[in-house]
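Examination of the molecular architecture
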Amino acid sequence: MAIKNAEDNGPTKKDQASSDTLFDGEQPTLEEIRSWGKSFDKLMRSPSGRKAFREFLRCEYSEENILFWLACEELKKETNPEAIEEKARFIYEDYISILSPKEVSLDSRVREIVNRNMVEPTPHTFDEAQLQIYTLMHRDSYPRFINSPQFKTLAQIPEGVSASGSTAESPSN
């Protein structure tokens, strides 16, 4: 069952209208949305899933984590040495520098690896840091996302039921 596109007779519920505005282009199917609740990797591989997760992270004031992860993904695609160096500097200034308002939380070991890698940036300069942030999002933010009202609305999961389909012991609101 697919989520209705805006051109199909319009949304029938308030929930529908919010999902139409969340996803600009291709609407994910209900099956795809529900798969995000079963696999963080599927969520992160889906452009629509990343967009929904980013909106959630924005509400949690931790959007910088997915923005950093996405910037690292873009850097990995770069082949021009000058562009690699420029993008790596921007990523460092935006997400690694302790002076940045969008600084991501990295341990000292990974921060030191990044600092060494910045001497001669490559498309893989931030691999250790990217993995650490991916793991942080997976362990910390993702469980809250799949149990959030936003996700449950998108996945059409009734309140009091977890994303995995089991009944929650203490339903929220």
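Parameters at a glance
- As a convention, each chain's residues are numbered from 1 in the sequence order in which they are written.
- pLDDT decides what is reported in this predicted model: residues at 70 or higher carry local features, side-chain atom pairs at 80 or more are listed and counted, and totals for whole chains, interfaces and linings draw on all residues regardless.
- Remark: hydrogens and water are excluded; side-chain values derive from all non-hydrogen atoms of the structure.
- Only DSSP runs of H or I covering at least 4 residues are called helices, and only runs of E covering at least 2 are called strands; the numbering of each starts at the N terminus.
- Accessibility here uses a 1.4 Å probe with only protein chains present; expressed as a share of the type maximum, an area under 20% marks a residue as buried, one over 50% as exposed, and anything in between as partly exposed.
- For accessible areas, the Shrake-Rupley method is used with a probe of radius 1.4 Å. Any residue's cover is judged against the shown protein chains and nothing else.
- Classification of ring pairs rests on two measures: the distance between centres of Phe, Tyr or Trp rings, Trp counted by its six-membered ring, which must be within 6.5 Å, and the angle between planes, read as stacked under 30 degrees, edge-to-face over 60 and tilted in between.
- Lines fitted to the C-alpha atoms define the axes, with helices restricted to the stretch that makes contact. Angles between their N-to-C directions range from 0 to 180 degrees.
- In this description, contact between two residues means that some pair of their heavy atoms is separated by no more than 4.5 Å.
- Amino acid classes used here: Ala, Val, Leu, Ile, Met, Phe, Trp, Tyr, Cys and Pro are nonpolar; Asp, Glu, Lys and Arg are charged; the rest, including Gly, are polar.
- Charge assignment in this entry is limited to Lys and Arg as positive and Asp and Glu as negative, and neither His nor the chain termini are counted.
- Here, a salt bridge means any side-chain nitrogen of Lys or Arg that lies within 4 Å of a carboxyl oxygen of Asp or Glu.

**Some points on the overall build of the protein**
Each helix and strand in the protein was counted, giving nine helices and zero strands. Overall, the protein shows an N-to-C arrangement of helices and strands of α-α-α-α-α-α-α-α-α. Buried residues in the protein amount to 42% of all 173 residues. Surface exposure of the protein reaches about 10200 Å², of which carbon and sulfur atoms provide 51%.

**Some remarks on the packing of aromatic side chains**
Throughout the structure, instances matching the rule amount to nine aromatic pairs. Here a set of aromatic residues connected by ring pairs shows up, and it is made of Phe 40, Phe 53, Phe 56, Trp 69, Tyr 134, Tyr 142, Phe 145 and Phe 151.

**Considerations on the packing of helix H4 (residues 47-59) against helix H5 (residues 63-77)**
In contact at an axis separation of 7 Å, H4 and H5 are set at 145° when each is read in the N-to-C sense. Along its contact with H4, which presents Arg 50, Phe 53, Arg 54, Leu 57 and Arg 58, the element H5 presents Glu 63, Ile 66, Leu 67, Trp 69 and Leu 70. Along the lines of polarity and charge, the residues of the contact of H4 with H5 split into six nonpolar, no polar and four charged.

**Here's the deal with the environment of Glu 82**
With respect to the helices and strands, the residue Glu 82 is situated in helix H6 (residues 81-96). Look at Glu 82 and you get exposed, because its relative accessible area is 59%. Separated by 39 residues in the primary sequence, Glu 82 and Pro 121 have C-alpha atoms spaced 9.8 Å apart.

**With respect to the side chain of Glu 64**
Following the sequence through the fold, Glu 64 ends up in helix H5. Here Glu 64 occupies a buried position and makes no salt bridge, while the nearest side chain of opposite charge, Lys 102, is found at 8.9 Å. The residues contacting Glu 64, other than those within four sequence positions of it, are Tyr 95, Lys 102, Glu 103 and Val 104.

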